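Coordinate inspection notes
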Amino acid sequence: MLGGMYALIAMGLTLQYGVARIMNLSYGEFLIAAAFASHWLFTGWAISPFVGLALVVPLAFVLNFAIYKLLLTPLVRRAPNRDALEVDSILATFGLTFVIQGLMLALFGGAYYSYSFLAFPVQFLGETVAANRLAALGITILLGLALYAALTRTRAGTAVRAVAVDPFAAQLVAINVPQASALTFALGGALVAAAGVLVSTFLTFSASSGVVFTMKALIVVVMGGVGNMLGCLVAGLALGLSEALVASYVDPGLTLAVNFALFLAVLLVKPAGLFGRATR
């Protein structure tokens, strides 16, 4: 379950970086913002988080589309190549991290938040698990399958994959690369907002928790291979499984160390990631 959540969290960043070539260091802040939105809807208006998904996700899509158009498009236009764009986007989104985090601190303070939703045990495959985690896993699987189908079975998804492979060649077959990049960046923001709503049902969070999720999403993206959805899924599951095993049988304080040990081990064996292709 933990691995499935990591995969969902990282899928959005995989799209943003793999297609739009934006290394979004404010990624985790959008997850926390969605978690706060879900908390506010549930505690203030008694709106179920699963209903809240229908409100938060479209809003996140529009917000991320606006951010790409207003903040990142000028960087895309002036960058001489994709490598320069990566550097510029890192600096821009690093600054955006503090803007979003500052707004959340002003609104909610530095305390930790949580709420009780489907917080009862159920039996699943012979194990006792929390109902909220199981429900979150089910929605995660549905979202992952829908995204995979959209990317592999639709014309728009084919265009997105073409831009990820070679944006210059994509222009030769009449693909609007700037528009595809903007929509993909917005879709990545919508996915991380969905993850934020689901995570808020069973984890505590605060205004400064975003950096943890950004770090883990980066680990999953690089481990799996930049822009590769299957690699994202496998890396997310591997990361979640290793954390659960270490927390259960060794020491919960070592989970972060295991994350980086697994990350470094994969890069030593396959520098391009599990399913990545080395560039020449």
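What you see is a predicted model; the values in this text were computed from it and never measured.

The next thing to look at is the overall build of the chain. Helix and strand content of the chain: 11 helices and two strands. Secondary structure elements in the chain, listed N-terminal to C-terminal, are α-α-α-α-β-β-α-α-α-α-α-α-α. Here the chain has a C-alpha radius of gyration of 18 Å; the compact-globule value for 280 residues is 19 Å, and the two agree. Overall, the chain is about 55 × 45 × 35 Å in size when its C-alpha atoms are taken along their principal axes. Relative to its 280 residues, the chain shows a buried fraction of 45%. The contacts in the chain between residues at least 6 apart in sequence include a share of 76% that link residues at least 24 apart. By element, 71% of the accessible surface of the chain is carried by carbon and sulfur atoms, the whole surface being about 13900 Å².

Here we come to the packing of aromatic side chains. On inspection of all chains with the given rule, the structure shows 10 aromatic pairs. Considering the side-chain rings of Y68 and F185, the 5.6 Å spacing of their centres and the 45 degrees angle between planes classify their relative orientation as tilted. Within this pair, whereas Y68 is found in helix α3 (residues 49-78), its partner F185 is found in helix α8 (residues 177-200), the two being separated by 117 residues in sequence. Judged on exposure class, the residue Y68 and its partner F185 are both buried. Their ring planes at 90 degrees and their centres at 5.0 Å tell us that F94 and F98 sit as a pair that is edge-to-face. On the criterion of helical spacing, the pair formed by F94 and F98 is a turn pair, its members being four residues apart in helix α4 (residues 82-108). Assessed through its relative accessible area of 44%, F94 is described here as partly exposed. A cation over a ring is seen here: R21 above Y17, with NZ or CZ 4.7 Å from the ring centre.

Bringing the pairing of strand β2 (residues 127-130) into the picture now. Note on strand geometry: in a regular strand, side chains alternate between the two faces of the sheet. Bridge analysis of strand β1 (residues 121-124) against β2 gives four bridges, and the strand direction is antiparallel. By the bridge assignment, F124 is partnered in β2 with E127. Linking β1 back to β2 in an antiparallel pair, the connection comprises two residues, with L125 at a positive phi of about 55 degrees.

Here we take up the layout of surface pockets. Space inside the second largest pocket adds up to approximately 500 Å³. In this structure, the second largest pocket is lined by 21 residues; those nearest its centre are A33, A34, A37, L59 and L63. Counting only elements with at least two residues in the lining of the second largest pocket, the list comes to α2 (27-45), α3 and α4. Grouping the constituent residues of the lining of the second largest pocket by class yields 20 nonpolar, one polar and no charged.

Moving on to the environment of A60. Along the chain, A60 falls in helix α3. Spatially, the C-alpha atoms of A60 and L191 are 8.6 Å apart, while their sequence positions differ by 131 residues. With residues up to four places along the chain from it excluded, the contact list for A60 reads G189, A190 and A193.

What follows deals with the pattern of salt bridges. On inspection of all chains with the given rule, the structure shows three salt bridges. When the shortest N-O distance is used, the salt bridge between R78 and D88 registers 3.7 Å. One end of the pair, R78, is in helix α3; the other, D88, is in helix α4, and 10 residues separate them in sequence. Relative accessible area serves as the criterion here: at 59%, R78 is assigned to the exposed category. Residue D88 is classed as buried on the basis of its relative accessible area of 19%.

Conventions and cut-offs
Every chain is numbered independently, its residues counted from 1 as its sequence is written. A pLDDT threshold of at least 70 governs which residues receive local features in this predicted model, and a stricter bar of 80 or more applies before side-chain atom pairs are shown or counted, although totals over entire chains, interfaces and linings include all residues. The basis for every side-chain value is the complete set of non-hydrogen atoms in the structure, without hydrogens or water. Numbering of helices and strands runs from the N terminus; a helix is a DSSP stretch of H or I covering at least four residues, while a strand is a stretch of E covering at least two. The globule rule used here is 2.2 Å times the number of residues to the 0.38 power, and the radius of gyration it is set against is calculated over C-alpha atoms. Type-normalised accessible area, obtained with a 1.4 Å probe on protein chains alone, sets the label of each residue: buried when under 20%, exposed when over 50%, and partly exposed for intermediate values. By definition in these notes, contact holds between two residues if any of their heavy atoms fall within 4.5 Å. In this description, accessible areas are obtained by the Shrake-Rupley approach with a 1.4 Å probe, and a residue is regarded as covered only by the protein chains that are shown. Two aromatic rings, drawn from Phe, Tyr or Trp (for Trp, its six-membered ring), form a pair once their centres lie within 6.5 Å of each other, and the interplanar angle then sorts them: stacked below 30 degrees, edge-to-face above 60, tilted otherwise. Placement of a charge over a ring requires the Lys NZ or Arg CZ to be within 6 Å of the ring centre, with the centre-to-atom vector within 35 degrees of the ring normal. Between any two strands, pairing holds if DSSP finds at least two bridges. Every definition here rests on a 1 Å grid over the protein atoms only: cavities are sets of points where a 1.4 Å probe fits but cannot get out, pockets are open sets enclosed by protein on both sides within 12 Å along at least five of seven lines, and lining residues have some atom within 4 Å of a point. Grid points are joined across faces, edges and corners, and a volume is the space filled by probe spheres set on the points. For this scheme, ten residues count as nonpolar: Ala, Val, Leu, Ile, Met, Phe, Trp, Tyr, Cys and Pro. Four count as charged, namely Asp, Glu, Lys and Arg, and the remainder, Gly too, count as polar. The term salt bridge refers to a side-chain nitrogen of Lys or Arg lying within 4 Å of a carboxyl oxygen of Asp or Glu.

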